[in-house]
Amino acid sequence: MMTDFATTIGMVLRQKDGQIASVRPDDSVYQAIEIMAEKKVGALLVMEGTVLLGIISERDYARKVILQGRLSKETHVSEIMSSPVISVTRQHSVGECMRIITNNRIRHLPVVENGAVLGVVSIGDLVNWVISEQEMTIRHLEAYISGSATT
């Protein structure tokens, strides 16, 4: 059985809906926040066509707009987005991604291969995956201990 942390991000992505929430760099921060609220996400990819330019998060909004007294309707996403973007591939493990997120103090990781964005995983996605895997392991062990395990 594969351990929780060795599972690839490709497997985690397959469990998601495949939607990639994004904005353009010339969109207003207000528009970005509206999309985040509508989609119930904490960050959006900043894309120019299919090219990933950056990422904008609620944290960027709080620190770079609100605290600096800027107006969200007059500030472009490109002015506050985080760039360059730290990304991973489908082959990265859950454990590797958790280390990247922790070490860089970020919450979202785009999954990119050959220049194409395949999706985004969040710290919540990773934690939920680990919890689900651990619950499954516990059920298997309980079944084994009670003698009801099937081979």
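Here we summarise the structure given alongside this text. (Residues numbered from 1 in each chain as written. Predicted model: local features only at pLDDT ≥ 70, side-chain atom pairs only at ≥ 80, totals over all residues. Heavy atoms only, no water.)

### Observations concerning the nonpolar core
This is how the line gets drawn: In this description, a nonpolar core means a group of buried Ala, Val, Leu, Ile, Met, Phe, Trp, Tyr and Cys residues linked to one another through side-chain atoms lying within 4.5 Å. Working definition: with a 1.4 Å probe on protein chains only, accessible area under 20% of the residue-type maximum means buried, over 50% means exposed, and in between means partly exposed. A run of DSSP states H or I qualifies as a helix once it reaches four residues; a run of E qualifies as a strand once it reaches two. Both are numbered from the N-terminal end. Residue contacts are counted whenever heavy atoms from the two residues lie within 4.5 Å of one another.
Judged by nonpolar contacts, the single largest core of 14 residues is most densely connected at Ile9, Val94, Val121 and Leu126. Only helix H1 (9–14), helix H5 (94–104), strand E4 (108–113) and helix H6 (123–146) provide two or more residues apiece to this core. At four residues, H5 tops the list of elements feeding residues into this core. Residues contacting valine 121, with those up to four places away along its chain left out, are Ile9, Val12, Leu13, Lys16, Arg107, His108, Leu109 and Val111. Residues Val23, Val29, Met36 and Leu44 belong to the second largest nonpolar core, which totals twelve residues.

### With respect to the pairing of strand E5 (residues 116–122)
The line we're drawing: Note: two strands are recorded as paired if DSSP finds a minimum of 2 bridges between them.
Among the seven residues in E5, five count as buried, and that is most of the element. Here E4 runs beside E5; their pairing, made up of six bridges, is antiparallel. Its bridge partner being in E5, glutamate 113 is matched across the sheet by alanine 116. Where E4 folds back onto E5 in an antiparallel hairpin, the turn is made up of two residues, including asparagine 114, whose phi is positive at roughly 50°.

### Observations concerning the sheet that holds strand E3 (residues 51–57)
Within the open sheet, the three strands sit side by side as E1-E2-E3. Their pairing is mixed. In the strand order of this sheet, the two ends are held by strand E1 (22–23) and E3, each with one partner.

### Quick look at the pattern of salt bridges
Defined as follows: Here, a salt bridge means any side-chain nitrogen of Lys or Arg that lies within 4 Å of a carboxyl oxygen of Asp or Glu.
Considering all chains together, one arrives at six salt bridges under this definition. A salt bridge links aspartate 60 to lysine 64; its shortest N-O distance comes to 3.3 Å. A residue pair is termed a helical-turn pair when its members lie 3 or 4 positions apart in one helix, as aspartate 60 and lysine 64 do in helix H3 (residues 58–66) at four residues. Connected through shared salt-bridge partners, Arg24, Asp26 and Asp27 make up one network.

### Topic: the packing of aromatic side chains
Using the following cut-off: Ring pairs shown here join Phe, Tyr and Trp side chains whose ring centres sit within 6.5 Å, with only the six-membered ring taken for Trp; geometry is labelled stacked below 30 degrees between planes, edge-to-face above 60, and tilted in between. By the criterion adopted, a ring carries a charge over it if an Arg CZ or a Lys NZ lies within 6 Å of its centre and within 35 degrees of its normal.
One pass over the structure, following the stated rule, counts zero aromatic pairs. It is lysine 73 that lies over the ring of tyrosine 30; its NZ or CZ is 4.5 Å from the centre.

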